[in-house]
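# Report on the structure
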Amino acid sequence: MAVLGSLIALETAPFLVGLFFVGAVLGIALYHGAFGFTAGWRNWVVSGNGTGMRAQLFLLGLACLLIVPVISGGIEGTAGTIAPVGVSLILGSFIFGFGMQLGGGCGSGTLFTVGAGNLRMVLTLTFFIIGSVIGTVHLPFWLDAPGTDPIQLTTSLGPWGAIAVQWAVLAGLWLIVGRREKRLTGKTSHGLLERDRSVSVFRTLVTGRWPFLWAAVILAIGNLLTVILSGTPWGVTFAFALWGAKIAQFVGIDMTQVEFWTWDYGALALKDSLLVNVPSVMNFGLLLGAMLAAGLANKYNAGSQNPLVFRSVLAAIVGGTLMGYGARLGFGCNIGAMFSGIASASVHGWIWFASAFVGSLLGIKARPFFGLGN
């Protein structure tokens, strides 16, 4: 980790080194908190266990409180994550939600499990990258479909009005989660601070399973630091498209002829080193942070003794490809589109959430056909 951080420092600016280490801390928090959106949604749908869902709602509320004032004039030069609302967003997020239940992880979940040595998720990530590149080819077509300009709640409500409205929605969702949990399980167990009390706090930090609340706080603060250091919130999946495009360039496919890669940001990223691309630098940090956390916990590559059967491999291929494609059409994944979008008070984040959740419901139903348990 220190070596890669030094390479980034030599080639780039100090703020990118800071972002690399923010990414590493995010990877550690994701690993120790087992903080994946995919399983949290599935657990609530299948068994009624709403702990993961509540952790995500808490995360969104805290991030909104921290980030909206900053991008609304608190720090000059910062801006939120916003995107158009239209067919591309709805279709892309729906496809992503379906794919993540087959692939076994969302954008951040795929990365931290790969960092922890999960071989199946390496396959998911490989096809995530492939699907992302295909998505860059098709995105201009989908952007011509009906849609509206980005809608940011702070424009009409101001920062505190936007926070209040979003908190009200999150509170309503919190109640819905609890009611379903109580109906299916007979109780409502918040569980955000549950941990193994037989070991010390220090040992839990280094080797144990963190309470969801710990991980959520670190993820929200990490996103805030990303805004402060880079000027915009955290994103994951643009880097996958960029990695795939650079590989395609290396093997002789001219990606500069693809319209997506002629747009200003894409063209510059394709031309520059990966070590000056913010999402890539943070993803490298996240991978290594998760690897470090798994190694210290003596759990690196845990679970890889389980054989990769054909249907599970097929699910990883299909799920990864759909997530990559959906992330490009939907302007990001659960992190870049939903988490950072809602944290920016952008309506597209909520549309992404709803559409991806519907796709996820169908993905949960499809899992048994691929030999995956629910």
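Residues numbered from 1 in each chain as written. Predicted model: local features only at pLDDT ≥ 70, side-chain atom pairs only at ≥ 80, totals over all residues. Heavy atoms only, no water.

## Re the packing of aromatic side chains
Using the criterion set out here, one finds 20 aromatic pairs in the structure. Here Phe-96 and Trp-352 contribute two aromatic rings whose centre-to-centre distance is 5.5 Å and whose plane-to-plane angle is 55°, an arrangement assigned as tilted. Residue Phe-96 is found in helix α5 (residues 87-103), and its partner Trp-352 is found in helix α16 (residues 347-366); the two are separated by 256 residues along the sequence. The class for Phe-96 is buried, based on a relative accessible area of 0%. Among the aromatic residues, ring-to-ring pairing joins Phe-96, Phe-128, Phe-240, Trp-243, Phe-284 and Trp-352 into one connected group. Residue placement shows Arg-180 over the ring face of Trp-44; its charged tip is 5.5 Å from the ring centre. The ring of Phe-212 carries the charged tip of Arg-209 above its face, separated from the ring centre by 5.2 Å. (Phe/Tyr/Trp six-rings, centres within 6.5 Å; stacked < 30°, edge-to-face > 60°. Helix = DSSP H or I, 4+ residues; strand = E, 2+ residues; numbered from the N terminus. Buried < 20%, exposed > 50% of the residue type's maximum accessible area, 1.4 Å probe, protein only. Lys NZ or Arg CZ within 6 Å of the ring centre and 35° of its normal.)

## Looking at helix α12 (residues 264-271)
Every buried residue of α12 is listed here: Gly-266, Ala-269 and Leu-270. Seen along its axis, α12 keeps its buried residues to an arc of 100°; they face one direction. Those residues of α12 that are exposed and aimed more than 90 degrees away from the buried face are Asp-264 and Lys-271. Where α12 is buried, its residues contact α11 (238-250). (Arc of directions from axis to C-beta. Contact = heavy atoms within 4.5 Å.)

## A short note on a nonpolar patch on the surface
A cluster of nonpolar side chains, contributed by Phe-15, Ile-75, Ile-221, Leu-225, Ile-228 and Leu-229, occupies part of the molecular surface with about 440 Å² of accessible area. Per element, the largest residue contribution to the nonpolar patch is four residues, and it comes from helix α10 (residues 212-230). Within the secondary structure, Phe-15 sits in helix α2 (residues 14-33). (Patch = residues over 30% accessible without salt bridge, like charges linked within 9 Å, V, L, I, M, F, W, Y side chains within 5 Å. Areas by Shrake-Rupley, 256 points an atom, 1.4 Å probe, with all protein chains shown as cover. Salt bridge = Lys/Arg side-chain N within 4 Å of Asp/Glu carboxyl O.)

## Regarding unusual backbone geometry
One non-glycine residue with positive phi stands out, namely Ala-34, at about 45°. Turning to its location among the elements, Ala-34 is positioned in the loop between α2 and α3 (37-47). For Phe-331, which is not glycine, the phi torsion reads 65° and is therefore positive.

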